[in-house]
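# Per-entry structural report
Here's the letter readout for the chains.
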Amino acid sequence: MLRKIDCVMIRVDDVEAAAAYYAEVFGLRPSWSGDDSIGLVFPETDSEIVLHNDPAIPSPVEVHYLVEDVVAVVADYVAKGCLLLVEPFDITIGKCAVIKDPFGTRLCILDMTKGPRQLNLAGSTTKDLDTTS
């Protein structure tokens, strides 16, 4: 079952500049950083916008849905008519996979079986942002 929208991933050319802009203009605050990406949380939810510059991620914007266990959920969704586009693979916080529903919509699913990312803004120009508000 899809539990919630975990994040919206947005590919940008300059992660640091985009993060500073999103914090100042949209009121998001840094939650974690690393691997050429940064997670910014909304004031009223733990959902994130993840800014990254990884050209291997095929879409410039993708919604990622949180599930309990990617491997189990993929098997269930495929049995119920979804097409597996990307086999489950390891990510920093757990596993991720990409499926397509019978209507042609791509869904990126992930789990947090390895635990949440930690704030690591060392060396980041966004480290001076107020992360307590």
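The following refers to the structure shown. Note that the coordinates shown come from a computational prediction; the quantities given were computed from them, not determined experimentally.

## What about the overall build of the protein?
Within the protein, the regular secondary structure consists of 2 helices and 8 strands. For the protein, buried positions account for 39% of its 133 residues. Pairs at least 24 residues apart make up 54% of the contacts formed inside the protein by residues separated by at least 6 positions. Of the roughly 7,600 Å² of accessible surface on the protein, 55% is carried by carbon and sulfur atoms.

## Things to note about the pattern of salt bridges
Two side chains with opposite charge may pair up if their charged atoms get near one another. Scanning the model with the defined rule gives 6 salt bridges in all. With its nearest N and O atoms 3.1 Å apart, the salt bridge here joins K80 to D76.

## Describing the packing of aromatic side chains
Counting across every chain of the model gives 3 aromatic pairs. Relative to F26, the ring of Y22 lies with its centre 5.0 Å away and its plane at 70 degrees, an arrangement referred to as edge-to-face. With Y22 and F26 both in helix α1 (residues 15-26) and 4 residues apart, this pair spans about one turn of that helix. Members of the aromatic cluster, connected to one another through ring pairs, are Y21, Y22 and F26.

Here is what the cut-offs are and how they apply
- Residues numbered from 1 in each chain as written.
- Predicted model: local features only at pLDDT ≥ 70, side-chain atom pairs only at ≥ 80, totals over all residues.
- Heavy atoms only, no water.
- Helix = DSSP H or I, 4+ residues; strand = E, 2+ residues; numbered from the N terminus.
- Buried < 20%, exposed > 50% of the residue type's maximum accessible area, 1.4 Å probe, protein only.
- Contact = heavy atoms within 4.5 Å.
- Areas by Shrake-Rupley, 256 points an atom, 1.4 Å probe, with all protein chains shown as cover.
- Salt bridge = Lys/Arg side-chain N within 4 Å of Asp/Glu carboxyl O.
- Phe/Tyr/Trp six-rings, centres within 6.5 Å; stacked < 30°, edge-to-face > 60°.

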